[in-house]
Amino acid sequence: ALTAALSRTEARFRSLVHHGADPIVVLDANATLRYTSPAWARLLGEGPRPVGTDFLGRVHPDVRDQVRQELRLLADAPPGSSRAWVTRLQHADGGWRHVEALSTNRLGDPAVGGLVLNLRDVTERAALEEQLRQAAFHDPLTDLANRALFEDRVNHALATAGEGQRCLAVLLIDLDDFKTVNDSLGHAAGDALIVEMARRIRRVLA
């Protein structure tokens, strides 16, 4: 009866892992993939399980060193320790998925022998957060920095200018006879003029 109960428990666990929406990944201490649940393929659009390949090779270059440090700290932490972090993994279509990871040190567990990563796709949440940041700090017509971002950058520049004894300058650009354009051609023409001016400023400063 005990054997049968254990067998049912194991089968239930395999079924939960197999059909789980969030990927479960096991890495060795060198960040080599030792196990990926089927949800890994759904997350990144890969076919065969990439066991034996480098996990860091799928991490965005901008955050690769950060993830390497996270895994190193986890591997050196006491058994059972956990760390949470967010990263970007490359999809098979060439795009990037924002992924939230809860990582646990199971290197000392004979049944696992690795670092366990529970991953969750948060790409839509990250896109929404970026839209909110964009709306909060950029003009919706020109996509240039708005007053809030301008004040933030100026305050930061003023705070750090004294450290290197640097000068700070603000350039004010006026658009001559803009009211005439608005009054004679309409606000749509005025908006088009502002957008074109913004495009030229970005091109000059690029």
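Quick note: structure is the one above.
The model shown is predicted, which means the values in this text are computed figures rather than measured ones.

Any chance you could break down the pattern of salt bridges for me, citing the residues and the numbers?
Side chains that differ in charge, positive against negative, can pair when their charged atoms come close. Per the counting criterion, the structure on display carries 9 salt bridges. A salt bridge links aspartate 93 to arginine 97; the shortest N-O distance between them is 3.8 Å. Among the residues examined, aspartate 93 registers a relative accessible area of 54% and is labelled exposed. When the shortest N-O distance is used, the salt bridge between glutamate 100 and arginine 125 registers 3.2 Å.

Could you give an account of the pairing of strand 2 (residues 33-36), naming the residues involved and the relevant values?
Taken together, the 3 bridges between strand 1 (residues 24-27) and strand 2 define a ladder with antiparallel strand orientation. Note that in strand 2 the partner of leucine 27 across the bridge is leucine 33. As consecutive antiparallel partners, strand 1 and strand 2 are separated by 5 residues, and within that stretch alanine 31 has a phi angle of approximately 65°, a positive value.

Please provide a residue-by-residue account of the nonpolar core, values included.
In terms of nonpolar packing, the biggest core is built from 21 residues, with Leu27, Trp40, Phe55, Leu71, Leu89, Leu117 and Leu119 touching the most fellow members. Among the secondary structure elements, those contributing two or more residues to this core are strand 1, helix 2 (39-44), helix 3 (64-76), strand 3 (82-90), strand 4 (96-106) and strand 5 (114-121). With near-sequence residues (within four places) excluded, leucine 119 lies in contact with Asp22, Pro23, Val25, Trp40, Leu43, Leu89, Val99, Glu100 and Ala101.

Rules of the game
- Residues numbered from 1 in each chain as written.
- Predicted model: local features only at pLDDT ≥ 70, side-chain atom pairs only at ≥ 80, totals over all residues.
- Heavy atoms only, no water.
- Salt bridge = Lys/Arg side-chain N within 4 Å of Asp/Glu carboxyl O.
- Buried < 20%, exposed > 50% of the residue type's maximum accessible area, 1.4 Å probe, protein only.
- Pairing = 2+ DSSP bridges.
- Helix = DSSP H or I, 4+ residues; strand = E, 2+ residues; numbered from the N terminus.
- Core = buried A, V, L, I, M, F, W, Y, C linked by side-chain atoms within 4.5 Å.
- Contact = heavy atoms within 4.5 Å.

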